[in-house]
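Structure assessment
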Amino acid sequence: MIDISALLDEIKAQPFRDIVITTPHTGVVTFADIHQGDKAHGPQGQWKEKPGTVIATLERERNPKPICSAEKGVISLLHTELEGRFVEAGTPLAVLRHQLTRAEVENLILRKALHLFPAPERAKYYFTPDVDKKIRASDAHSVIVREGMELLIMSRMKREVPLHYSGPSGVIYAVYFKYNENIDAGAPLIGVCPQDQLPTIQEVIMRVQTDWAEKD
Amino acid sequence: MVENAQDLPPLHEHRILVANRGEIAMRIMRACRKLGASFTAIYTADDAASGHVRLAREMGEKDSLYRVSSYHDANELMAVADATGCTAVHPGYGFFAEDFRFARRVTKRDRKLVFIGPSWKIIRELGDKINTKRLARSLSVPPVPGSDRPIYDELEAERIAKTVFEFQERQGIDRPLVLVKASAGGGGMGIEEVYDPDQFRSVYRRVRNYALRQFKDEGVLIEQRITDFNHLEVQIVSDRSGRSPVHFGTRNCSIQSTGRQKRLEVAPGFAADTLSYTFDADRVLRDIVDYSLAMARKVGYDNVGTWEWIVTRKGDPFLMEVNTRIQVENGVSARIARIRGQGEIDLIAEQIRLGLGEPLGYGQADVTFDGLGIEYRIIAEDPNNNFTPWVGHIESFSWKPEPWLTMLTHVPVDEPYEIPTEFDPNLALAIVWGKNLDEAKARGLAFLQNLRLTGHNASGDPLQSNVEFLKTSTERILRF
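Note that this is a predicted model, so its numbers are computed, not measured.

**A look at unusual backbone geometry**
Note the cis peptide between A267 of chain B and P268 of chain B, where omega equals 0°. By the secondary structure assignment, P268 of chain B is in the loop between β11 (262-267) and α9 (281-299). Not every positive phi belongs to a glycine, and N180 of chain A is a case in point at roughly 65°. Here N180 of chain A is to be found in the loop between β14 (170-175) and β15 (182-183). The exposed category is assigned to N180 of chain A, around which 9 C-beta atoms lie within 10 Å. Although it is not a glycine, E344 of chain B sits at a positive phi angle of roughly 50°. In this structure, E344 of chain B sits in the loop between β14 (337-339) and α11 (347-355).

Next up, the structure:
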């Protein structure tokens, strides 16, 4: 069983994550009126429909595209030397020091507590149609997986192959892949919780909710 | 034709955007250097370890390499071309090579660029399979039997299918087969075979519904499915005048994977001096060359292109399609070609030179051929498992250099290489030359025997490749 107190202490000692904001494509950079040390916010609104703080504008083929902060945090580094320059895709523009949220801490701890089923190859992954239907109808917790079950479709190089689950039986407690996104070999695809351990996991969640204070 | 071709600057003043990856990007960069032109190459994050990135750093100067988000993003390509002062775009093969909208955009935008390929109107005209068929018929060039326009009416579809079945029966085909395919489809999607005329209607309805769902167009093509055939090609080269195309011979691409993907190409298309055929092979080669040139002249074809043919066991040729681009296998034709007796032909350099408006400068009589070339496509795949692509880590890749061997590869040979999952796992093209079929085959086998290719995937399983398939297939080269 995991030592949740120790894990929480470890996270509390370093409660930040540095997020590098990069250019999604090529273009000419114009920074917004923002400086090192400024606070930035992530997307807001009920549906996260309001974009985060604009860090810069990237213009390509006469189309200006705002590059916004995806999380809240403090701008710890700004590459102002790039102002007015044409840059490559993937060029770092800024670093955001982001304080971990309760949900992120939960996620970190769950990754230690759950049985993680990893991606065997770098590929795109999808649930099989039956499982997908079940998840859409209720949620991932409604799906019970067992050894040998055809659970996922691994898609790469225009070919699709079924992927069978291996590990202890249990419910899918967390899904770590997104639709149409490449997952590296070894990265977790799902986190499974054996049914008899569900109360323990709930306890872990409760503990994080009470012990982790969200800061602005 | 390129507008104002005569106003274009000399070759050495051009900068060409290499809008592709892997080995073809490397060939384009080398061809640019040969012509004295500059280049700008691109790569994506997944491709950072590719040999084309290293070559761009080694051979290029300032502005010779840019990381982009995707090879498929036209905005990205145009932005890099503008930022680096490119005057032309070479699309290579795949990606935008046969996209007439992209070619049109390149040449019609405010800051105009030259598209190194046929003019967009020709790509549009010949890229449409139905249009190509109509054009072929108008010149008495035989296309694959079947409908020459999309069919929307069930009764008409049945009538055509009946004609195609009867045509095959007259040819003495034991088990006639009709292909029903979505007119707007591509890449093998929306295609079904029908053996039994009674089953035709249900298959037709299924394909029509699929076509409507997937492509918003329920048009269906009905064609003869020719099963016992050789796949031949004619390499055409022409300048921007479009008036005097020449051919660089024929290729035989009949050795393919189970998914009908080419794995081994041979130039010329048949070896009538060594092997015996049930038809006059030399006449067939002459016919497909003449037909291809006639079509090229008719449309004013103005760059490199390939006419693809099916040749039946009776020696009847049928036009399959026209590829309005440079093909993977152009190097095997170049390997056996001579211009005024001079070898070391580079069709990519020719494509660039002609694309930038230079005149051809030679005629058909100046083009001769010497010997026989074999191109092996070395691919990480499992031939025992339906040619499934293999992904993993290449640990060693080496071969014995020979004067008769040309290796084209983007896989580094001095360090391990992770095959990117975003692209097909093609590793190299090996072009072997021999003075005749027997010598070329013997050399091909010697090359494959000495090839060293090892690696493992994430599960620790050893690398799978098609090398054994290529060895076995070497024996049946050009046999029919």
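Having seen the model, we can carry on.
**Remarks on the interface of chain A and chain B**
How big an interface is tends to be stated in terms of the accessible area lost upon association of its parts. Taken together, the contacts link 20 residues of chain A with 21 residues of chain B. The class makeup of the residues in the side of chain A that touches chain B is seven nonpolar, six polar and seven charged.

**Things to note about the sheet that holds strand β20 (residues 405-409) of chain B**
Sheet strands pair by backbone hydrogen bonding; their relative direction is either parallel or antiparallel. All names here are of chain B. Taken together, eight strands build an open sheet; the order of strands is β13-β12-β9-β10-β11-β16-β22-β20 and the sheet is antiparallel. With one partner strand each, in any of the chains shown, β13 (317-323) and β20 form the two edges of the open sheet. Between one strand and the next, the sheet's axes are offset by a mean angle of 25°, whatever the strand orientation. The strands touched by helix α12 (residues 437-450) are β16 (372-379), β20 and β22 (426-434); relative to β22, the strand with the most contacts, the crossing angle is about 145°. Helix-sheet contacts for helix α13 (residues 467-474) involve β10 (246-256), β11 and β16, and the interaxial angle to β11 is about 35°.

About the cut-offs
Residues numbered from 1 in each chain as written. Chains lettered and ligands numbered in written order. Predicted model: local features only at pLDDT ≥ 70, side-chain atom pairs only at ≥ 80, totals over all residues. Helix = DSSP H or I, 4+ residues; strand = E, 2+ residues; numbered from the N terminus. Buried ≥ 20, exposed ≤ 12 C-beta atoms within 10 Å, placed from the backbone. Contact = placed C-beta atoms within 7 Å. Nonpolar A, V, L, I, M, F, W, Y, C, P; charged D, E, K, R; others polar. Pairing = 2+ DSSP bridges. Axes fitted to C-alpha atoms, helices over the stretch in contact; angles between N-to-C directions.

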